[in-house]
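Summary of the model geometry
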Amino acid sequence: MSNKKSRNNLLFTPGPVAVNDAVLKKLSEPILFHRTGRLLDIHKRISNKLLKFFGADPRYIPLLITGSGTLSNETVLSSLIGKREKLLILSNGLFGERLAEIAKIHELNYKILEFDWATNIDIQQVEHELRSYKPKFVALVALETSTGMANPVKEVGRLCKKYGAILFLDGVSAIGGQNIKISRDDIDVCTSVPNKALEAPPGLSFICIRRTLLEKKLPKPTSYYLDISRYYTYLKKYQLPTTPAVSAIVALDKALDLFLEETLNNRIKRYKVLSRLVERNADDLGIRFLLDERVRANGISTFYLPSTKYAERLNNHLLRKGYTVWHHNYQKLEKRLRAIMQISIMGNIAKRDINNLFKEIKSFTSKYPLDY
(Lines give C-alpha, C1' and ligand atoms only; values in the text may rest on other atoms or scores of the structure.)
Protein backbone atom coordinates (compact mmCIF):
# COMPACT_ATOMS: atom_id res chain seq x y z
CA MET A 1 0.00 0.00 0.00
CA SER A 2 2.72 2.46 0.95
CA ASN A 3 4.55 4.24 -1.87
CA LYS A 4 7.59 6.50 -1.96
CA LYS A 5 6.93 9.66 0.01
CA SER A 6 8.68 12.74 1.28
CA ARG A 7 10.80 12.15 4.38
CA ASN A 8 10.56 15.80 5.41
CA ASN A 9 7.39 15.45 7.41
CA LEU A 10 5.89 11.98 7.76
CA LEU A 11 2.52 12.25 9.49
CA PHE A 12 1.68 9.85 12.30
CA THR A 13 -1.19 12.10 13.39
CA PRO A 14 -4.88 11.12 13.63
CA GLY A 15 -5.75 13.60 10.89
CA PRO A 16 -4.61 14.94 8.54
CA VAL A 17 -2.88 11.76 7.46
CA ALA A 18 -0.14 10.84 4.99
CA VAL A 19 -1.75 10.60 1.54
CA ASN A 20 -0.92 8.20 -1.28
CA ASP A 21 0.89 9.80 -4.24
CA ALA A 22 -1.84 8.68 -6.67
CA VAL A 23 -4.34 10.75 -4.67
CA LEU A 24 -1.99 13.71 -4.28
CA LYS A 25 -1.43 13.76 -8.03
CA LYS A 26 -5.11 14.53 -8.53
CA LEU A 27 -4.68 17.79 -6.61
CA SER A 28 -2.37 19.08 -9.35
CA GLU A 29 -4.92 18.67 -12.13
CA PRO A 30 -6.39 21.84 -13.70
CA ILE A 31 -9.15 23.46 -11.67
CA LEU A 32 -12.66 22.62 -12.85
CA PHE A 33 -15.56 25.05 -12.85
CA HIS A 34 -18.02 23.70 -10.30
CA ARG A 35 -21.07 23.98 -12.59
CA THR A 36 -19.55 22.04 -15.48
CA GLY A 37 -20.55 18.59 -16.66
CA ARG A 38 -17.24 16.98 -15.77
CA LEU A 39 -17.43 17.92 -12.09
CA LEU A 40 -21.08 16.93 -11.98
CA ASP A 41 -20.12 13.49 -13.27
CA ILE A 42 -17.42 13.22 -10.59
CA HIS A 43 -19.91 14.28 -7.91
CA LYS A 44 -22.36 11.62 -9.08
CA ARG A 45 -19.65 8.93 -8.93
CA ILE A 46 -18.59 10.10 -5.48
CA SER A 47 -22.16 9.94 -4.18
CA ASN A 48 -22.46 6.29 -5.16
CA LYS A 49 -19.06 5.49 -3.66
CA LEU A 50 -19.80 7.34 -0.43
CA LEU A 51 -22.80 5.12 0.20
CA LYS A 52 -20.44 2.13 0.11
CA PHE A 53 -17.88 3.95 2.27
CA PHE A 54 -20.54 4.51 4.95
CA GLY A 55 -22.02 1.04 4.59
CA ALA A 56 -25.34 2.62 3.63
CA ASP A 57 -28.19 1.30 1.50
CA PRO A 58 -30.22 3.40 -1.00
CA ARG A 59 -32.45 4.71 1.79
CA TYR A 60 -29.59 7.08 2.64
CA ILE A 61 -28.37 10.27 0.96
CA PRO A 62 -24.67 11.34 1.00
CA LEU A 63 -23.98 15.07 1.11
CA LEU A 64 -20.66 16.80 0.43
CA ILE A 65 -19.74 19.83 2.54
CA THR A 66 -16.73 22.10 2.06
CA GLY A 67 -15.33 22.33 5.57
CA SER A 68 -14.08 20.17 8.41
CA GLY A 69 -15.96 17.45 10.23
CA THR A 70 -17.04 19.98 12.84
CA LEU A 71 -18.83 21.91 10.10
CA SER A 72 -20.82 18.83 9.10
CA ASN A 73 -21.60 18.11 12.74
CA GLU A 74 -22.88 21.65 13.20
CA THR A 75 -24.91 21.35 9.98
CA VAL A 76 -26.66 18.26 11.35
CA LEU A 77 -27.34 19.67 14.82
CA SER A 78 -28.50 23.08 13.61
CA SER A 79 -30.61 21.83 10.68
CA LEU A 80 -32.40 18.72 11.95
CA ILE A 81 -33.27 19.40 15.57
CA GLY A 82 -36.09 21.75 16.51
CA LYS A 83 -35.77 24.02 19.53
CA ARG A 84 -38.29 21.99 21.54
CA GLU A 85 -37.05 18.54 20.53
CA LYS A 86 -34.96 16.75 23.13
CA LEU A 87 -31.35 15.85 22.35
CA LEU A 88 -29.25 13.50 24.47
CA ILE A 89 -25.48 13.81 23.95
CA LEU A 90 -23.24 10.97 25.11
CA SER A 91 -19.77 12.23 25.94
CA ASN A 92 -16.50 10.78 27.22
CA GLY A 93 -13.98 13.13 25.63
CA LEU A 94 -13.23 16.39 23.87
CA PHE A 95 -15.36 15.81 20.78
CA GLY A 96 -18.43 14.76 22.75
CA GLU A 97 -18.05 18.00 24.65
CA ARG A 98 -17.74 19.86 21.36
CA LEU A 99 -21.13 18.51 20.26
CA ALA A 100 -22.57 19.94 23.48
CA GLU A 101 -20.91 23.32 22.79
CA ILE A 102 -22.51 23.41 19.35
CA ALA A 103 -25.90 22.48 20.80
CA LYS A 104 -25.57 25.26 23.38
CA ILE A 105 -24.67 27.89 20.76
CA HIS A 106 -27.75 26.93 18.73
CA GLU A 107 -29.92 26.98 21.88
CA LEU A 108 -31.04 23.38 21.49
CA ASN A 109 -32.94 21.54 24.19
CA TYR A 110 -30.15 19.13 25.10
CA LYS A 111 -28.87 17.06 27.99
CA ILE A 112 -25.34 15.70 28.18
CA LEU A 113 -24.72 12.29 29.73
CA GLU A 114 -21.09 12.79 30.64
CA PHE A 115 -18.56 10.12 31.50
CA ASP A 116 -14.96 10.65 32.52
CA TRP A 117 -12.47 10.91 29.69
CA ALA A 118 -10.99 7.55 28.63
CA THR A 119 -13.88 5.83 30.42
CA ASN A 120 -16.38 3.48 28.80
CA ILE A 121 -19.88 4.72 28.06
CA ASP A 122 -22.17 2.78 30.38
CA ILE A 123 -24.91 1.24 28.24
CA GLN A 124 -27.20 0.73 31.23
CA GLN A 125 -27.05 4.44 32.01
CA VAL A 126 -27.77 5.23 28.38
CA GLU A 127 -30.85 3.01 28.44
CA HIS A 128 -32.00 4.66 31.67
CA GLU A 129 -31.79 8.09 30.02
CA LEU A 130 -33.65 6.88 26.96
CA ARG A 131 -36.46 5.64 29.19
CA SER A 132 -36.61 8.62 31.53
CA TYR A 133 -35.51 11.62 29.43
CA LYS A 134 -37.17 10.30 26.24
CA PRO A 135 -35.00 12.19 23.74
CA LYS A 136 -35.99 12.42 20.09
CA PHE A 137 -32.29 12.57 19.10
CA VAL A 138 -29.16 10.94 20.50
CA ALA A 139 -25.65 12.11 19.54
CA LEU A 140 -22.57 9.94 19.94
CA VAL A 141 -18.92 10.21 18.89
CA ALA A 142 -17.96 6.86 17.39
CA LEU A 143 -14.22 7.24 17.96
CA GLU A 144 -13.24 9.79 20.58
CA THR A 145 -10.06 10.99 18.94
CA SER A 146 -8.89 12.91 22.02
CA THR A 147 -8.17 9.61 23.77
CA GLY A 148 -8.31 7.09 20.91
CA MET A 149 -11.28 5.31 22.47
CA ALA A 150 -13.74 3.39 20.30
CA ASN A 151 -17.24 3.83 21.70
CA PRO A 152 -20.07 1.22 21.67
CA VAL A 153 -21.80 2.25 18.44
CA LYS A 154 -23.71 -0.97 17.82
CA GLU A 155 -25.08 -1.11 21.37
CA VAL A 156 -26.23 2.51 21.30
CA GLY A 157 -27.76 1.97 17.86
CA ARG A 158 -29.81 -0.97 19.12
CA LEU A 159 -31.05 1.04 22.08
CA CYS A 160 -32.03 4.01 19.92
CA LYS A 161 -33.99 1.70 17.63
CA LYS A 162 -35.67 0.08 20.65
CA TYR A 163 -36.78 3.43 22.11
CA GLY A 164 -37.54 5.21 18.85
CA ALA A 165 -34.73 7.78 19.06
CA ILE A 166 -32.88 9.15 16.02
CA LEU A 167 -29.16 8.39 16.28
CA PHE A 168 -26.66 10.96 15.04
CA LEU A 169 -23.16 9.51 14.90
CA ASP A 170 -20.04 11.66 14.68
CA GLY A 171 -18.07 9.16 12.63
CA VAL A 172 -15.30 11.58 11.68
CA SER A 173 -12.36 9.43 12.81
CA ALA A 174 -14.16 6.10 12.65
CA ILE A 175 -15.78 5.51 9.27
CA GLY A 176 -13.46 3.50 7.06
CA GLY A 177 -11.27 2.35 9.94
CA GLN A 178 -13.71 0.81 12.41
CA ASN A 179 -16.26 -1.92 11.77
CA ILE A 180 -19.20 0.43 11.36
CA LYS A 181 -21.91 0.23 8.70
CA ILE A 182 -24.67 2.71 9.21
CA SER A 183 -27.51 0.64 7.71
CA ARG A 184 -26.59 -2.42 9.76
CA ASP A 185 -25.92 -0.49 12.96
CA ASP A 186 -29.20 1.49 13.11
CA ILE A 187 -27.56 4.89 12.53
CA ASP A 188 -29.85 7.56 11.10
CA VAL A 189 -27.32 10.24 10.25
CA CYS A 190 -23.53 10.08 10.25
CA THR A 191 -20.67 12.46 9.48
CA SER A 192 -17.13 11.77 8.34
CA VAL A 193 -14.17 13.33 6.51
CA PRO A 194 -11.61 12.38 3.85
CA ASN A 195 -8.52 13.12 5.95
CA LYS A 196 -8.78 10.22 8.41
CA ALA A 197 -9.36 6.57 7.46
CA LEU A 198 -10.26 7.45 3.87
CA GLU A 199 -6.66 8.66 3.50
CA ALA A 200 -7.38 11.73 1.36
CA PRO A 201 -6.54 15.44 1.72
CA PRO A 202 -8.54 17.66 4.10
CA GLY A 203 -10.99 20.36 3.06
CA LEU A 204 -14.23 18.41 2.80
CA SER A 205 -16.63 16.55 5.06
CA PHE A 206 -19.65 14.30 4.49
CA ILE A 207 -23.10 13.74 5.89
CA CYS A 208 -24.83 10.43 5.20
CA ILE A 209 -28.48 10.67 6.23
CA ARG A 210 -31.72 8.79 5.90
CA ARG A 211 -33.71 10.24 3.02
CA THR A 212 -36.86 10.36 5.20
CA LEU A 213 -35.16 12.81 7.58
CA LEU A 214 -34.54 15.21 4.70
CA GLU A 215 -38.00 14.87 3.23
CA LYS A 216 -39.88 15.70 6.43
CA LYS A 217 -40.56 19.30 7.44
CA LEU A 218 -37.31 20.62 8.89
CA PRO A 219 -36.90 23.40 11.45
CA LYS A 220 -36.53 26.96 10.16
CA PRO A 221 -32.88 27.42 9.07
CA THR A 222 -30.65 29.34 11.46
CA SER A 223 -27.71 29.51 9.06
CA TYR A 224 -27.38 30.04 5.32
CA TYR A 225 -24.23 27.96 4.82
CA LEU A 226 -25.28 25.18 7.22
CA ASP A 227 -28.81 24.68 5.89
CA ILE A 228 -28.88 20.96 5.11
CA SER A 229 -32.00 21.25 2.96
CA ARG A 230 -30.10 23.43 0.47
CA TYR A 231 -27.43 20.74 0.07
CA TYR A 232 -30.13 18.16 -0.57
CA THR A 233 -31.82 20.38 -3.17
CA TYR A 234 -28.54 20.90 -5.03
CA LEU A 235 -27.57 17.23 -4.77
CA LYS A 236 -30.53 16.35 -6.99
CA LYS A 237 -28.54 18.04 -9.79
CA TYR A 238 -25.20 16.76 -8.42
CA GLN A 239 -24.19 20.29 -7.58
CA LEU A 240 -23.40 22.17 -4.37
CA PRO A 241 -24.95 25.44 -3.18
CA THR A 242 -21.67 27.39 -3.17
CA THR A 243 -18.21 27.02 -4.69
CA PRO A 244 -16.77 23.80 -3.22
CA ALA A 245 -13.20 22.62 -2.70
CA VAL A 246 -12.97 21.42 -6.29
CA SER A 247 -9.48 19.93 -6.18
CA ALA A 248 -10.26 18.09 -2.96
CA ILE A 249 -13.34 16.59 -4.63
CA VAL A 250 -11.27 15.30 -7.55
CA ALA A 251 -8.73 13.78 -5.14
CA LEU A 252 -11.55 12.30 -3.07
CA ASP A 253 -12.82 10.42 -6.11
CA LYS A 254 -9.46 8.64 -6.41
CA ALA A 255 -9.22 7.95 -2.66
CA LEU A 256 -12.65 6.32 -2.71
CA ASP A 257 -11.52 4.08 -5.57
CA LEU A 258 -8.53 2.95 -3.50
CA PHE A 259 -10.73 2.35 -0.45
CA LEU A 260 -13.27 0.27 -2.36
CA GLU A 261 -10.48 -1.69 -4.03
CA GLU A 262 -8.91 -2.49 -0.66
CA THR A 263 -12.31 -3.04 1.07
CA LEU A 264 -13.27 -2.06 4.59
CA ASN A 265 -12.30 -5.44 6.04
CA ASN A 266 -8.81 -5.32 4.54
CA ARG A 267 -8.25 -1.72 5.58
CA ILE A 268 -9.16 -2.65 9.14
CA LYS A 269 -6.80 -5.64 8.97
CA ARG A 270 -3.99 -3.40 7.73
CA TYR A 271 -4.62 -0.89 10.48
CA LYS A 272 -4.65 -3.58 13.15
CA VAL A 273 -1.37 -5.08 11.94
CA LEU A 274 0.35 -1.69 11.89
CA SER A 275 -1.11 -0.60 15.24
CA ARG A 276 0.05 -3.83 16.88
CA LEU A 277 3.54 -3.09 15.56
CA VAL A 278 3.36 0.39 17.11
CA GLU A 279 2.21 -1.06 20.41
CA ARG A 280 4.90 -3.76 20.50
CA ASN A 281 7.58 -1.16 19.87
CA ALA A 282 6.16 1.10 22.55
CA ASP A 283 5.84 -1.76 25.02
CA ASP A 284 9.48 -2.75 24.43
CA LEU A 285 10.54 0.77 25.40
CA GLY A 286 8.32 0.84 28.48
CA ILE A 287 5.92 3.47 27.13
CA ARG A 288 2.56 3.13 28.86
CA PHE A 289 -0.84 2.75 27.20
CA LEU A 290 -3.77 5.00 28.07
CA LEU A 291 -6.51 2.51 27.18
CA ASP A 292 -7.33 -1.14 27.59
CA GLU A 293 -6.76 -2.95 24.29
CA ARG A 294 -10.47 -3.85 24.02
CA VAL A 295 -11.45 -0.22 23.39
CA ARG A 296 -8.43 1.01 21.42
CA ALA A 297 -9.09 2.37 17.95
CA ASN A 298 -7.81 0.29 15.05
CA GLY A 299 -5.75 3.13 13.63
CA ILE A 300 -4.77 5.26 16.65
CA SER A 301 -2.49 4.24 19.52
CA THR A 302 -2.61 6.47 22.59
CA PHE A 303 0.09 6.56 25.27
CA TYR A 304 0.93 8.71 28.24
CA LEU A 305 4.39 9.98 29.09
CA PRO A 306 5.98 11.01 32.42
CA SER A 307 5.25 14.73 32.00
CA THR A 308 4.16 17.39 29.56
CA LYS A 309 7.74 18.67 29.40
CA TYR A 310 8.99 15.19 28.46
CA ALA A 311 6.30 14.87 25.78
CA GLU A 312 7.21 18.25 24.29
CA ARG A 313 10.91 17.40 24.16
CA LEU A 314 10.21 14.05 22.49
CA ASN A 315 7.83 15.71 20.05
CA ASN A 316 10.43 18.33 19.09
CA HIS A 317 13.08 15.64 18.66
CA LEU A 318 10.82 13.72 16.28
CA LEU A 319 9.93 16.85 14.33
CA ARG A 320 13.62 17.54 13.73
CA LYS A 321 13.96 13.99 12.39
CA GLY A 322 10.98 14.36 10.03
CA TYR A 323 8.22 12.64 12.04
CA THR A 324 5.06 14.26 13.34
CA VAL A 325 3.11 12.65 16.17
CA TRP A 326 0.41 14.28 18.28
CA HIS A 327 0.84 15.23 21.92
CA HIS A 328 -1.38 17.17 24.26
CA ASN A 329 -1.86 18.00 27.92
CA TYR A 330 -5.53 17.22 28.55
CA GLN A 331 -6.65 18.69 31.86
CA LYS A 332 -9.76 16.48 31.91
CA LEU A 333 -7.59 13.38 32.42
CA GLU A 334 -6.22 12.60 35.83
CA LYS A 335 -2.85 14.23 36.46
CA ARG A 336 -0.64 11.19 35.83
CA LEU A 337 -2.29 10.55 32.43
CA ARG A 338 -2.31 14.08 31.02
CA ALA A 339 0.84 14.02 28.88
CA ILE A 340 -0.77 12.26 25.92
CA MET A 341 1.11 11.03 22.86
CA GLN A 342 -0.77 9.58 19.91
CA ILE A 343 0.66 7.65 16.99
CA SER A 344 -1.77 7.04 14.16
CA ILE A 345 -1.09 4.71 11.26
CA MET A 346 -4.10 5.85 9.24
CA GLY A 347 -2.81 6.89 5.85
CA ASN A 348 0.17 6.04 3.70
CA ILE A 349 2.24 4.36 6.43
CA ALA A 350 4.32 1.17 6.11
CA LYS A 351 6.00 -1.10 8.64
CA ARG A 352 9.41 0.38 7.83
CA ASP A 353 8.07 3.85 8.64
CA ILE A 354 6.97 2.66 12.07
CA ASN A 355 10.28 0.94 12.74
CA ASN A 356 12.18 4.07 11.70
CA LEU A 357 9.99 6.22 13.92
CA PHE A 358 10.72 4.02 16.91
CA LYS A 359 14.43 4.07 16.22
CA GLU A 360 14.21 7.79 16.85
CA ILE A 361 12.03 7.35 19.91
CA LYS A 362 14.49 4.77 21.28
CA SER A 363 17.37 7.15 20.60
CA PHE A 364 15.59 9.81 22.63
CA THR A 365 14.62 7.52 25.53
CA SER A 366 18.19 6.22 25.72
CA LYS A 367 19.36 9.77 26.47
CA TYR A 368 16.31 10.73 28.52
CA PRO A 369 14.98 7.63 30.29
CA LEU A 370 11.27 7.29 30.96
CA ASP A 371 10.63 8.01 34.62
CA TYR A 372 7.00 7.43 35.50
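That block above? That's the structure.
Before going into details, it helps to say that this report is about the structure given with it. (Residues numbered from 1 in each chain as written. Predicted model: local features only at pLDDT ≥ 70, side-chain atom pairs only at ≥ 80, totals over all residues. Heavy atoms only, no water.)

A sheet is described by the order of its strands in space; here seven strands give the open sequence 2-10-9-8-5-3-4, paired in mixed fashion. Bordering the open sheet on either side are strand 2 (60-66) and strand 4 (109-114), each of which pairs with just one other strand. Averaged over all pairs of adjacent strands, the angle between strand axes in this sheet comes to 15 degrees, irrespective of strand direction. Pairing of strand 5 (residues 137-141) with strand 8 (residues 166-170) involves five bridges; the strand directions are parallel. Following the sheet pairing, Phe 137 is matched in strand 8 by Ile 166. Strand contacts of helix 8 (residues 228-235): strand 2 and strand 10 (204-210), with the helix running at about 105 degrees to strand 2, the strand carrying the most contacts. Set on the sheet, helix 9 (residues 246-262) makes contact with strand 2 and strand 10; between it and strand 10 the angle comes to about 65 degrees. (Pairing = 2+ DSSP bridges. Helix = DSSP H or I, 4+ residues; strand = E, 2+ residues; numbered from the N terminus. Axes fitted to C-alpha atoms, helices over the stretch in contact; angles between N-to-C directions. Contact = heavy atoms within 4.5 Å.)

Moving on, we get to the packing of helix 9 against helix 10 (residues 264-285). Between helix 9 and helix 10, the shortest axis-to-axis distance is 6 Å and the interhelical angle comes to 85 degrees. Accordingly, the angle class assigned to the pair helix 9 and helix 10 is roughly perpendicular. Facing Leu 258, Phe 259 and Glu 262 of helix 9, the residues of helix 10 in contact are Leu 264, Asn 266, Arg 267 and Arg 270. (Parallel < 35°, antiparallel > 145°, perpendicular 65-115°, else oblique.)

Grouped together as the largest cluster of nonpolar side chains are 118 residues, with contacts concentrated most on Phe 54, Ile 209 and Ile 343. Of the residues forming this core, the biggest block, nine residues, is contributed by helix 9. If near-sequence neighbours (up to four positions away) are discounted, Phe 54 is found in contact with Ile 175, Ile 180, Lys 181, Ile 182, Cys 190, Thr 191, Ser 192, Phe 206 and Cys 208. Of all hydrophobic cores here, the second largest spans ten residues; its members include Met 149, Val 295, Tyr 330 and Leu 337. (Core = buried A, V, L, I, M, F, W, Y, C linked by side-chain atoms within 4.5 Å. Buried < 20%, exposed > 50% of the residue type's maximum accessible area, 1.4 Å probe, protein only.)

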